[in-house]
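Listed here are the chains, written in short residue letters.
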Amino acid sequence: MKQKSGCGSVTWNGKRNGSGAAPATLIPGDGVGPEVIGAAIKVIAACGVKIDWDEQVAGAAAVKRVGSPAPPALIASLKRTRIALKGPLETRVGEGYRSINVYLRKTFDLFANLRPTRSFPGVNARFSNVDLIVVRENTEDLYAGIEHQVTPGVVESVKVITARASTRIARFAFEFARRNGRRSVTAIHKANIMKLSDGLFLKCARRVAAEYKDIQYNERIVDAACMRLVTEPSEFDVLLLENLYGDIVSDLCAGLVGGLGMVPGANYGDRGAIFEAVHGTAPDIAGKGVANPIAAILSGALMVEYLGHHEAAERIRTAVAQVLKARRVRTPDLGGKARTDEVAEAIIRAMERAA
Ligand code: NAI
């Protein structure tokens, strides 16, 4: 199957060092992060693209080591490199510091979250024909974190939607669709209830859609969209969503193609990008060496592509597809017995054979 999930609408024009290696920040992250990121950097090294990694801690690992979830050294590194491969970071439920993921996306204005979700032959999933691109607005909505207690027992959480951010993400989705040969963009919303906020998001999407006559534009209410996604995913192509719906719907989409271990992601801004899998720290399997590294490896492929190495990115994706199709080496989430490292090694061997 031809991979159409590149990041053709965004390319890097930053610095390389004397040896031609691109500087990039490496954030192993929490939980299974170091395991899957370790696998991803081995695969990136084997694809022949030189990266000058600057390893930094963030999240719970950073609190433990230096007493802050977003240490100044991390921010300085990201300001310098403007590009990162990142493992998941732990965020406590209902307490503790604010999400460092949200903080990084806002600080570096990484407004577009792209999550290519596709079926791979050899993976047992309900569908075999899924090829979706989730485009999620990354900087506002209920994730602006504006919450307060009105009176004991009553709290408010403010949903912020702006024309600027909505137009910018809609343009990203359409531009991506055009550059990558996609047929349609579907805006997903709840404007029947949130008439002002989601209404504004839709208005902006419609305005941008009018400039892209070559791409079909559709709208779906989020609940109905979820039902159609789990019954007829091939009806969709590029999905355009606000922050919260995008977060939820991308995990739902991961469920269509074999689970969270399969779906890569990228957070793009005008001046940099952070690449990370959709999944979290997977505390239930952390430290056991059995996490599926494919989502992290495919996130690495998106990064390699962003750096301008399209063929190398394609080599990684082809090798991943070959390993999955052979059904011999896969982690327990896909019904196998292999360990994280064994999957990475199988992918590297597949790349070597192809060379
Ligand atoms: P999760 O994605 O960590 O785990 C959900 C389920 O999927 C678990 O059963 C887990 O074992 C499985 N899973 C996830 N990744 C896998 C992989 N690579 N291979 C095999 N199985 C995998 O979601 P959860 O449990 O809701 O969140 C745990 C923590 O992760 C929380 O602190 C949350 O805030 C954080 N998180 C961080 C993200 C990030 O940094 N981008 C994204 C999502 C969650």
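Scroll up for the structure.
Remember, it's a predicted structure, so these values are computed and weren't measured experimentally.

Q: Explain the sheet that holds strand β11 (residues 266–269) to me, and be specific about the residues and the numbers.
A: Taken in spatial order, the ten strands make up an open sheet running β2-β1-β3-β12-β11-β4-β5-β10-β8-β9, and their pairing is mixed. Because the sheet does not close on itself, it has two edges, and the strands there are β2 (51–55) and β9 (216–221). When the angles between neighbouring strand axes are averaged without regard to direction, this sheet yields 25°. The pairing of strand β4 (residues 112–118) with β11 spans three bridges and is antiparallel. By the bridge assignment for β11, Ala112 is matched with Tyr268. Against the sheet, helix α7 (residues 222–231) makes contact with β5 (131–137), β8 (184–189), β9 and β10 (238–241), and its axis sits at roughly 105° relative to β9, the strand it touches most.

Q: Just give me the short version of helix α4 (residues 100–107), but keep the residues and values in it.
A: Residues of α4 that are buried include every one of Ile100, Asn101, Val102, Leu104 and Arg105, and no others. Here the buried face of α4 lies against α3 (72–81), β3 (83–86), β4, β5, β11 and β12 (272–275). By the N-cap criterion, in which a side-chain oxygen at the helix start approaches the backbone nitrogen of a residue two or three places on, α4 is capped by Ser99, the distance to Asn101 being 3.2 Å. Asp109 lies just past α4 and shows a positive phi near 50°.

Q: Which residues make up the pairing of β9, and what are the values?
A: Here β8 pairs with β9 via six bridges, running parallel. By the bridge assignment for β9, Val185 is matched with Tyr217. The handedness of the β8 to β9 crossover, carried by helix α6 (residues 197–209), is right-handed.

Q: Requested: an account of the pattern of salt bridges, with residues and values cited.
A: Two side chains of opposite charge can pair, provided their charged atoms sit close to one another. Tallied over the full model, the rule gives 21 salt bridges. The residue Arg182 makes a salt bridge to Asp131 at a minimum N-O spacing of 3.4 Å. Here Arg182, found in the loop between α5 (163–179) and β8, pairs with Asp131, found in strand β5; they are 51 residues apart in sequence, far enough to count as distant. Asp131 sits in the buried class, given a relative accessible area of 16%. Between Arg136 and Asp247 there is a salt bridge whose closest N-O contact spans 3.7 Å. Residue Arg136 is located in strand β5, and its partner Asp247 is located in helix α8 (residues 243–256); the two are separated by 111 residues in the primary sequence. Since its relative accessible area comes to 25%, Asp247 is described here as partly exposed. Because the salt bridges share partners, they merge into one network encompassing Asp141, Lys159, Asp198 and Glu242.

Procedures and definitions
Residues numbered from 1 in each chain as written. Predicted model: local features only at pLDDT ≥ 70, side-chain atom pairs only at ≥ 80, totals over all residues. Heavy atoms only, no water. Pairing = 2+ DSSP bridges. Helix = DSSP H or I, 4+ residues; strand = E, 2+ residues; numbered from the N terminus. Axes fitted to C-alpha atoms, helices over the stretch in contact; angles between N-to-C directions. Contact = heavy atoms within 4.5 Å. Buried < 20%, exposed > 50% of the residue type's maximum accessible area, 1.4 Å probe, protein only. Polar contact = N/O pair within 3.5 Å; in protein donor to acceptor, adjacent residues only side chain to side chain. Right-handed = clockwise from strand over helix to strand, strands pointing away. Salt bridge = Lys/Arg side-chain N within 4 Å of Asp/Glu carboxyl O.

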